[in-house]
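Structure assessment
One letter stands for each residue in the lines below.
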Amino acid sequence: MNRQTYAEGIAEQEAIDYINSVYEKVKQRDPHETEFLQATKILFDSLIPVFVKNRTYIEHNILERIIEPERVISFRVPWVDDEGNVQVNRGYRVQFNSALGPYKGGIRFHPTVNLSVMKFLALTQIFKNSLTGQPIGGGKGGADFDPKGKSDQEIMRFCQSFMTELYRHIGPDIDVPAGDIGVGKREIGYMFGQYKRLRGAYEAGVLTGKGIHYGGSLGRTEATGYGTIYFVEEMLKEKRTTIKNKTVITSGSGNVAIHAMEKAIQLGARVVACSDSNGYIYDKNGLSLQTIKRIKIDEGGRIKEYLNYHPEAEYFDDAKQIWSVPADIALPCATQNEIDLEAANMLIENNVKVVVEGANMPCTREAIDVFIENGVLFGPAQAANAGGVAVSALEMAQNSARLKWTFEEVDKQLKNIMQTIYRNVVNAANEYGHPGNLVVGANIAGFTKVADTMIEQGVV
Ligand code: NDP
Ligand code: 2IT
């Protein structure tokens, strides 16, 4: 093929028609996978400027190839509860793309897990991992298991059963899972123990987010939340300001939310509200992170219990209404689709200036559009929450080298990676004619690297 034909480009309408035709094929194949289709649509629409500029990806049919997972594994997870009843859940691992490295992505235990949720998470993980600059492909796993109210023994038995099937599909150079909703250090520990036993080998690099004495990296627990705030700081620099003295609201009170709040408070922000799935707490003078950590990490309680320690705060038993709280910066850090158009409009009415996604796809397409139209600075998940998986890759590097970096060393690298991601995303948005649109920038910067690599590796 003549190189020049690559560069000629095609008219915008032709690119839109082409992308829509691929989208329709995806939709016809899996019409019921709503979350996957939502993520696909947002991605595809961001890529229009790429397809206008360059025919190469059409000639190699990259879009149809990239949107089909390399492998989808679905399996039975039988386990025995404390009453002696046999329970059955469904487990998944979606190994979506291995162009840049072994599949990499978290494991989620939540009753809402289904194939559509797994596929949307694995799809967005490909481009997030690409943005980190680390050698990792994209994947995701999980089960429709509800850890709420389960005993420690039940959690252990479930994790062991889950790994008894999964172990044959993963490995330090094959697929490296980590945590996500409902999966933290404890669950990773139980899964690692079972993997080691079945494999008969000590392969530390098979999972990340491990405990500190068996190959876990210092700074991994904090990485997603801290990284999100480092990204916010970069966005604010552009406006010649910082997070200091800004009012912040954060949905959720899990791993990502707690560490986003921690870094925001360290940098002088006032965090006035956070939530769990039952409701949210509000204190206009600023929340006590120490109390939140005590309730959520030490005691595994509900956020409502905050009032037992701070009666001056308020509790509202409707988690979604957290978006009615006035704030300069809103950080959705709980789950997908938690900010819809109505929530976005509440934030805009209250003059929110920055919305950054700590969670994966917490904002609907309509919400994102209305933020951008109204000049709200919007930081998309693939870029803003990439710090977690970036430090997972640093954990893999430490495991391979059999050494251990200090917290300060990891945190310094994390900050550097987040600054580089921000710069690359801004540059891609500028280069492709959408200055300031970080959704377009993140998708294009993440996608082009994976697509070019797929071409280099041939039709596989
Ligand atoms: P956790 O399980 O630690 O915490 C999840 C939090 O979100 C809990 O407070 C939970 O409340 C809350 N939550 C869940 N559903 C809802 C809901 N419908 N409304 C309000 N609150 C809700 O998970 P993480 O903090 O690890 O993950 C949070 C998000 O961040 C997810 O989207 C995840 O994919 C994403 N993420 C996580 C990374 C990581 O390293 N852990 C990396 C990058 C992204 P409750 O206790 O009531 O269920
Ligand atoms: O969504 C995510 O990026 C994660 N849950 C972290 C994945 C990882 O492999 O650290």
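Our subject is the structure listed above.
Conventions and cut-offs
- Residues numbered from 1 in each chain as written.
- Chains lettered and ligands numbered in written order.
- Predicted model: local features only at pLDDT ≥ 70, side-chain atom pairs only at ≥ 80, totals over all residues.
- Heavy atoms only, no water.
- Helix = DSSP H or I, 4+ residues; strand = E, 2+ residues; numbered from the N terminus.
- Rg over C-alpha atoms; globule rule 2.2 N^0.38 Å.
- Contact = heavy atoms within 4.5 Å.
- Areas by Shrake-Rupley, 256 points an atom, 1.4 Å probe, with all protein chains shown as cover.
- Lys, Arg positive; Asp, Glu negative; His and termini not counted.
- Charge placed at Lys NZ, Arg CZ, Asp CG, Glu CD.
- Buried < 20%, exposed > 50% of the residue type's maximum accessible area, 1.4 Å probe, protein only.
- Near = heavy atom within 4 Å.
- Polar contact = N/O pair within 3.5 Å; in protein donor to acceptor, adjacent residues only side chain to side chain.
- Nonpolar A, V, L, I, M, F, W, Y, C, P; charged D, E, K, R; others polar.
- Core = buried A, V, L, I, M, F, W, Y, C linked by side-chain atoms within 4.5 Å.
- Salt bridge = Lys/Arg side-chain N within 4 Å of Asp/Glu carboxyl O.
- Pairing = 2+ DSSP bridges.
- Right-handed = clockwise from strand over helix to strand, strands pointing away.
- Axes fitted to C-alpha atoms, helices over the stretch in contact; angles between N-to-C directions.
- Parallel < 35°, antiparallel > 145°, perpendicular 65-115°, else oblique.
- Left-handed = near helix turned anticlockwise from the far one by under 90°.

Looking at the overall build of the protein chain
When helices and strands are tallied, the protein chain shows 19 helices and 12 strands. In summary, the protein chain has a C-alpha radius of gyration of 22 Å against a globular reference of 23 Å for 460 residues, a match within 12%. Principal axes of the C-alpha set define a box for the protein chain whose edges measure 70 × 55 × 45 Å. Here the contacts in the protein chain between residues at least 6 apart in sequence split such that 71% fall between residues at least 24 apart. Surface exposure of the protein chain reaches about 19,000 Å², of which carbon and sulfur atoms provide 48%. In the protein chain, 50 side chains carry a positive charge and 56 a negative one; their mean positions are 5 Å apart.

Observations concerning unusual backbone geometry
Backbone geometry places Arg240, a non-glycine residue, at a positive phi of 55°. Among the secondary structure elements, Arg240 is positioned in the loop between helix H10 (220-238) and strand E6 (247-251). Residue classification places Arg240 among the exposed residues on the basis of a relative accessible area of 80%.

Describing the site of ligand 2
Residues in close proximity to ligand 2 total 14 residues, the closest being Lys104, Lys128, Asp180, Arg220 and Ser392. Lys140 is positioned such that a nitrogen or oxygen atom in its side chain is 3.1 Å from an oxygen atom of ligand 2. Within the side chain of Asp180, one N or O atom sits 2.9 Å away from a nitrogen atom of ligand 2. For ligand 2, whose free accessible area comes to 300 Å², the fraction covered by protein is 94%. Among the secondary structure elements, those contributing two or more residues to the shell around ligand 2 are strand E3 (103-109), helix H7 (115-132) and helix H17 (387-401). By residue class, the composition of the shell around ligand 2 is two nonpolar, seven polar and five charged.

Observations concerning the site of ligand 1
Near ligand 1 you find 24 residues, and of these Asp180, Thr224, Ser277, Arg302 and Asn360 are the closest. Here Lys148 contributes a side-chain N or O atom positioned 2.9 Å from an oxygen atom of ligand 1. Separating an oxygen atom of ligand 1 from a side-chain N or O atom of Arg302 is a distance of 2.5 Å. Among the elements of the structure, H10 and helix H11 (255-266) are those that each provide at least two residues to the shell around ligand 1. Taken together, the residues that form the shell around ligand 1 break down as six nonpolar, 11 polar and seven charged.

Things to note about the nonpolar core
By size, the foremost hydrophobic cluster in this structure holds 94 residues, and its most contacted members are Phe51, Ile292 and Phe447. The residues touching Phe447, leaving out its near neighbours within four places in the chain, are Leu47, Val50, Phe51, Tyr57, Ile62, Leu63, Ile66 and Phe127. Counting residues in each nonpolar core, the second largest holds 25 residues, with Ile42, Ile322, Val355 and Val376 among its members.

Focus on the pattern of salt bridges
Following the criterion strictly, the structure yields 27 salt bridges and no others. Between Lys119 and Glu33 there is a salt bridge; the shortest N-O distance is 2.7 Å. Residue Lys119 is located in helix H7, and its partner Glu33 is located in the loop between helix H2 (12-29) and helix H3 (34-46); the two are separated by 86 residues in the primary sequence. Glu33 carries the same exposure label as Lys119, and that label is buried. Between Glu234 and Lys237 there is a salt bridge; the shortest N-O distance is 2.9 Å. A residue pair is termed a helical-turn pair when its members lie 3 or 4 positions apart in one helix, as Glu234 and Lys237 do in helix H10 at three residues. You can call Glu234 buried: its relative accessible area is 10%. Linked by salt bridges that have partners in common, Lys41, Asp45, Arg365 and Asp369 make up one network.

A few points about the pairing of strand E4 (residues 138-143)
Across the six residues of E4, six count as buried, placing the element largely inside the fold. Along E4, one buried face is formed by Gly138, Lys140 and Gly142 and the opposite face, lined by Gly139, Gly141 and Ala143, is buried too. Alignment of strand E2 (residues 86-97) against E4, held across six bridges, turns out to be antiparallel. Paired with Gly91 across the bridge in E4 is Ala143. Pairing geometry for E3 and E4, over three bridges, is parallel. The residue bridging Ile107 from the neighbouring strand is Gly141, located in E4. Where the polypeptide runs from E3 across H7 and back to E4, its parallel neighbour, the crossover connection is right-handed.

So, the packing of helix H8 (residues 152-166) against helix H9 (residues 185-199)
The contact between H8 and H9 brings their axes to 8 Å, and the two run at 45°. Relative to H9, H8 is oriented oblique. Where H8 crosses over H9, the handedness of that crossing is right-handed. For the pair formed by H8 and H9, the contact residues are Asp152, Ile155, Met156, Cys159, Gln160, Phe162, Met163 and Thr164 on the first element and Arg186, Glu187, Tyr190, Met191, Gln194, Tyr195 and Leu198 on the second.

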